Amino acid sequence: MDDRANALLKALIERYIDDGQPVGSRTLSKLFELSPATIRNVMADLEDLGLIHSPHTSAGRIPTPRGYRLFVDNLLVIKPYELEEPSELHDIFSNTGPSKALSVAASLVSNLTQFAGVVLTPKRSQVFRQIEFIRLSQRRILLIIVTPDGDVQNRILSPVHDYTEAQLIEAANYFNYNFAGKSFEQVREQIGTELNQLKEEISSLMQAAVDAGNDDDQESSVVISGERRLLEIKDFATDMDRLRKMFSLFEQKTDLMQLLDVTDRSQGVKIYIGGDSSLVPMEDVSVITAPYGVDGKIVGTLGVIGPSRMSYNRVIPIVDLTARLLSNALSHQ
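Residues numbered from 1 in each chain as written. Predicted model: local features only at pLDDT ≥ 70, side-chain atom pairs only at ≥ 80, totals over all residues. Heavy atoms only, no water.

Engineer: Account for the confidence of the model for the chain, naming residues and giving values.
Structural biologist: Chain-level pLDDT for the chain is 78 on average; 73% of the residues reach the 70-or-more range. For the chain, helix α11 (residues 216-219) is the element with the lowest average pLDDT, namely 50, and strand β2 (residues 62-63) is the one with the highest, namely 94. (pLDDT = per-residue confidence, 0-100. Helix = DSSP H or I, 4+ residues; strand = E, 2+ residues; numbered from the N terminus.)

Take a look at the structure:
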């Protein structure tokens, strides 16, 4: 693409983001010293490249996911987010514990962008100081894990066999005596031969406990704030099917966690555009994420979910700023 095509695509997408209406050649001709016929030819080329398309029978064009991708990767100019009251935002995180800081961050990024804010919480420690089994019902057991820093985590186990209270106490005592202070991965490697020496029922129970403690899907959770704001977005409010898909995204938190976890160990802001990224399950939706950390170590991801027709030059620096504020807050607690 030449400079003229890039300029026209940039102008078309910016205009569409501003008013949500398909953009025609006459509108663009007012911005450039080009004839409508010349602009129509360039738009036809952009359409052939799959960057824009014409919805319904409209003469105007709107961006495709591929067009948005080219726009955010090559044509977008990002300026740092300027705070009207910088101290107020920093004060929001004062006197908050780690879990409260995560909720505050999700709410803050939602309020600033008017989209849904999401935070993938830091993964829980896999090292345990003590564990306990509590029989809830037949073949349903509560596994309580106490980490070295005193954090208490719960897992529900559904073993194949039923266990007596005595068997559960025996299993917990064995774990605590032999493996306290180790990670579940270390336990997995160490108990291979030892498990075979125990009774079959106790062996299967301990293996279930190890698997549960080492299950990544259960080690992180998602904090969501402002999902109802999506009801106020015109692009979604007129399309109930789209709304149902949107809220399904929140219900399927494992998918959301997979998306956020992609950037869990990467630096910088990431942009995922529905229809362009396989990690976003529907078109017309974009997810913007940034990692946050503690003392320089990345521990989680923060982001927003909103329509692809969003003001990227405004939202991207807000996500970046909020992630940095959260990192600062967690590092000074």
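We are not done yet, so read on.
Engineer: Can you lay out helix α1 (residues 3-19) for me, pointing to particular residues and giving the numbers?
Structural biologist: Spanning 17 residues, α1 covers 25 Å between terminal C-alpha atoms, matching the ideal 24 Å at 1.5 Å per step. For α1, the elements touching its buried residues are α2 (25-29), α3 (36-48), β1 (52-53), β2, α4 (65-75) and α15 (312-331). Positioned one or two residues after α1, glycine 20 has a phi angle of 75 degrees, which is positive. (Expected span 1.5 Å × (residues − 1). Contact = heavy atoms within 4.5 Å.)

Engineer: Please give an account of the pattern of salt bridges that cites residues and values.
Structural biologist: Should their charged atoms come close, side chains of opposite charge can pair. Throughout the structure, instances matching the rule amount to five salt bridges. Its salt-bridge partner being arginine 15, residue aspartate 19 comes within 3.1 Å of it at the nearest N-O pair. Placement of the pair is aspartate 19 and arginine 15 together in helix α1, with a separation of four residues, close to one helical turn. Judged by relative accessible area, arginine 15 falls into the partly exposed class, the value being 35%. Linking aspartate 320 and arginine 324 is a salt bridge whose minimum nitrogen-to-oxygen distance equals 3.3 Å. In this pair, aspartate 320 and arginine 324 are both assigned in helix α15, four residues apart and thus about one turn of the helix distant. You can call aspartate 320 partly exposed: its relative accessible area is 29%. (Salt bridge = Lys/Arg side-chain N within 4 Å of Asp/Glu carboxyl O. Buried < 20%, exposed > 50% of the residue type's maximum accessible area, 1.4 Å probe, protein only.)

Engineer: So, the sheet that holds strand β10 (residues 297-307): which residues are in play, and what are the values?
Structural biologist: Each strand in a sheet pairs with another by means of backbone hydrogen bonds, the pair being arranged parallel or else antiparallel. If you walk across this open sheet you meet the five strands as β7-β3-β10-β9-β8, and the pairing is antiparallel. Edge strands, defined here as strands with exactly one partner in the open sheet, are β7 (222-225) and β8 (270-273). Recorded for the sheet is a direction-independent mean angle of 20 degrees between the axes of neighbouring strands. Together, β3 (116-120), β7, β9 (285-294) and β10 form the strand contacts of helix α6 (residues 98-113), whose direction differs from that of β3 by roughly 150 degrees. (Pairing = 2+ DSSP bridges. Axes fitted to C-alpha atoms, helices over the stretch in contact; angles between N-to-C directions.)

Engineer: For the environment of phenylalanine 71, give the residues involved together with the corresponding values.
Structural biologist: The topology assignment puts phenylalanine 71 in helix α4. For phenylalanine 71, a relative accessible area of 2% puts it in the buried group. C-alpha separation for the pair phenylalanine 71 and glutamate 14, spaced 57 residues apart in sequence, amounts to 9.4 Å. When near neighbours in sequence (up to four residues on either side) are disregarded, phenylalanine 71 contacts Lys10, Ile13, Glu14, Ile17, Leu76 and Tyr312.

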